[in-house]
Amino acid sequence: MSTIPLVLKLVVVATCVECVVLRRRIAFRSARGENTLLDLFSARPPLLQLELSAALSVVVWAPLMWLSHWPLDVAAELAGVGALIVVGLALGLAKGAEAVLGAAVVFGLVTPDDRLFTGFVLPTAAAYLIRVVHTDPDFWRTGVQQMRALSRQTADLAPPTLVDRFWQAVLVVVAALPVVAVATMPMSGATVTDQILRWTAAAMVTGQLAGTLWSAAPLPRTFRHIQAGALTASVLVAAAVAASPFGGWLAHLWPLSLPGVAGGLILVVIAALSHLGYVHGRGWWQAGALLFRVPLAAGVFPFALGVAFHPGHGRIVAATLLATAEAAAAAAGRRRPRPDHANAAWAARTVGWPLEKWTYQLRPWQYDAFLRRPGKPDHLLVRTYASFAVRSARGEMITGQDYLVRDPGLLRPLSGAAALVWADLATRALDLVDEQVVPRYPREHLETLRKAQRNTRADVAYATGMVLAYAEHWPKAYGELRNAGDLYRRIGATHRAALTTAAAAYISAAHLAQPGSAGRDLETIPGPVAGEPAIEYVTTIARAAIERCEPSPGPPLTDAVLLASLRRDPDAPVWGRSFRIALLELLNQARNGAADLVDSASWRNKLRIRGSGRLR
């Protein structure tokens, strides 16, 4: 006797019919090669094809009705509901619309089977709808729906869509599942201590899942969707395995090997070692660590097994200890998603895109980085491009730049002047913000955005100057560094202004044979900052180049000293490591080449041509 209401079954069957309609519409339009952005009101597939596909789907399942009473029932008993869900999700993601319609009719109406209906039909229909909504919107939308979707977006900005809000809602539901499980699945014979531990474990796991939702906000939308799908799948698979007979076998085995506090501590050690092995290991070591890391991540599976579906005092204690340790590691930021890594992975792939595609794909970034939180403009993508420029100029291969590219030049490092392509992308991104975001920005936060824009433009100018210095295009390198110094000075970043101006002065004196211009550049550095150790070091090298003498002996400038000087500009983000290394390498080159500079005949010849034996 089925316990599912007939109305719900009819709704599911109607939804499956709509899935078949969508499937045939997508196939029909794909075969015609239509671009629905241009031809919105295109033809529909013949109704005969729809009716035929629906009838065939039922005919395929009808001879197999007996499977719902013997083989599939046995399989469900042995493998559990999780196996049915996995098969249903896979079939739905593979666009098996006809199959899900036949299964809905057979297991919902002809021979009702609640287990197969809820464990197979519903996941299959849900997975198919998710696949269609995510990957084929231009095909299944009607002309009116397409026009409405386009009207919600401006020509150059992309606010959050239905897909984004869908995954946000999914993550909220998934994060709440541990608390719901403890509230709806009581433990027989539980003591007060057991109840406290169960709620503590649920709170720790829920907090980690909610923290993942919060920390994923700065990520690019594509990475947010991938992370949301992976997190949802991992939680559902953990619950399915824990509820299966295999989970019951593991729960029976658990007290024999990992009881109570000792078991919890062992799990914590295994989780920590597997995390370290996955992060720092290579090859088989990394793969082996992943086998242990996945089941223990965030304590989700131990919670589902030992707290929700098979509760027992020893299992509850161990699972609570693991969940608490994982939550502490997450709160300390050890396992939090890194927006800079995700932005770097996405940004590296954009270097080979045509300009039109690149501009189109940056629409979500313009909205998410600036208009979503107007008080905190986020230029992380632009700074990532700038750092790529400096790293490439040094001969480093940027991971991801060769992803699905046709240009053979992207298969090797973009060293030297070729690295300017990254700086050009950074400049274009800033220009897009000026053109599209600034006119739409709230007035009360507009000055904050403009200041951040000026600061980032100064960083891009500095990166461009360093790329040109690596390529030994000295006149252009001097101009860019001098421009960066002026930009830093306008926004009040006096230490950055002094460092870049002194570096430009050195290039002017050493490589352009213009000691007078270099001396005037050094005179613009204010006295209060000229005595800073890092700035004094750079100015000393520049003055040695002006006076054609070797700099005074002393220890080289270290990254720590340079970093301390940069942090004295409170309103500007600290330079990344690639920026600092570029300046340090330029200074090391200056010290190593000081003797050659003193003995350089070309230097004396250029001074003799100017007709002056004295330096001003």
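Our structure is the block above this text.
Summarised in this report is the structure supplied together with it. (Residues numbered from 1 in each chain as written. Predicted model: local features only at pLDDT ≥ 70, side-chain atom pairs only at ≥ 80, totals over all residues. Heavy atoms only, no water.)

**Some remarks on empty space enclosed by the protein**
Gaps between atoms show up when a probe of the same size as a water molecule is rolled over them.
Here is step 1: Evaluated as defined, the whole model comprises one cavity of 30 Å³ or more.
Here is step 2: Estimated volume of the largest cavity: approximately 40 Å³.
Here is step 3: Lining of the largest cavity is provided by Leu171, Leu209, Thr212, Leu213, Ala216, Gln227, Ala228 and Leu231.
Here is step 4: Those elements giving two or more residues to the lining of the largest cavity turn out to be helix H10 (192-215) and helix H11 (221-243).
Here is step 5: Partitioned by chemical class, the residues of the lining of the largest cavity number six nonpolar, two polar and no charged. (1 Å grid on protein atoms, 1.4 Å probe; cavity = no way out; pocket = protein on both sides within 12 Å on 5 of 7 lines; lining within 4 Å. Points joined across faces, edges and corners; volume = space filled by probe spheres on them. Helix = DSSP H or I, 4+ residues; strand = E, 2+ residues; numbered from the N terminus. Nonpolar A, V, L, I, M, F, W, Y, C, P; charged D, E, K, R; others polar.)

**Examining the packing of helix H23 (residues 474-490) against helix H24 (residues 494-510)**
Here is step 1: Where H23 contacts H24, the axes come no closer than 8 Å and their chain directions differ by 160 degrees. Considering the angle they form, H23 stands roughly antiparallel to H24. Pair H23 / H24 crosses with left-handed handedness. Packed against H23, whose contacting residues are Trp474, Ala477, Tyr478, Leu481, Arg482, Ala484, Gly485, Tyr488 and Arg489, the element H24 presents Arg496, Ala497, Thr500, Thr501, Ala503, Ala504, Ile507 and Ser508 at the interface. (Axes fitted to C-alpha atoms, helices over the stretch in contact; angles between N-to-C directions. Parallel < 35°, antiparallel > 145°, perpendicular 65-115°, else oblique. Left-handed = near helix turned anticlockwise from the far one by under 90°. Contact = heavy atoms within 4.5 Å.)

**So, the packing of H24 against helix H27 (residues 533-546)**
Here is step 1: Two elements in contact, H24 and H27, have axes whose closest approach is 8 Å; the angle formed by their N-to-C orientations is 15 degrees. When the axes of H24 and H27 are compared, the pair comes out roughly parallel. Considering only the axes of H24 and H27, their crossing is left-handed. Judged by residue contacts, His495, Ala498, Leu499, Ala502, Ala503, Ala505, Tyr506, Ala509 and Ala510 of H24 engage Ala534, Ile535, Val538, Thr539, Ile541, Ala542, Ala545 and Ile546 from H27.

**Let's talk about the packing of aromatic side chains**
Here is step 1: Under the defined criterion, the tally for this structure stands at seven aromatic pairs.
Here is step 2: With a centroid separation of 5.2 Å and an interplanar angle of 50 degrees, the aromatic rings of tyrosine 462 and phenylalanine 579 are classed as tilted. In this pair, tyrosine 462 is assigned in helix H22 (residues 446-470) and phenylalanine 579 in helix H29 (residues 577-592), connecting sequence segments 117 residues apart. Like tyrosine 462, the residue phenylalanine 579 is buried in the burial classification.
Here is step 3: Among the aromatic side chains, those forming a connected cluster through ring pairs are Tyr462, Tyr488, Trp575 and Phe579. (Phe/Tyr/Trp six-rings, centres within 6.5 Å; stacked < 30°, edge-to-face > 60°. Buried < 20%, exposed > 50% of the residue type's maximum accessible area, 1.4 Å probe, protein only.)

**Notes on the environment of leucine 362**
Here is step 1: Assignment of secondary structure puts leucine 362 in the loop between helix H18 (355-361) and helix H19 (363-371).
Here is step 2: The sequence separation of leucine 362 and threonine 350 amounts to 12 residues, and the corresponding C-alpha distance is 9.8 Å.
Here is step 3: In contact with leucine 362, not counting residues within four places along its chain, are Trp346, Leu381, Ala429 and Leu432.

Read these as spatial facts, not as claims about activity.
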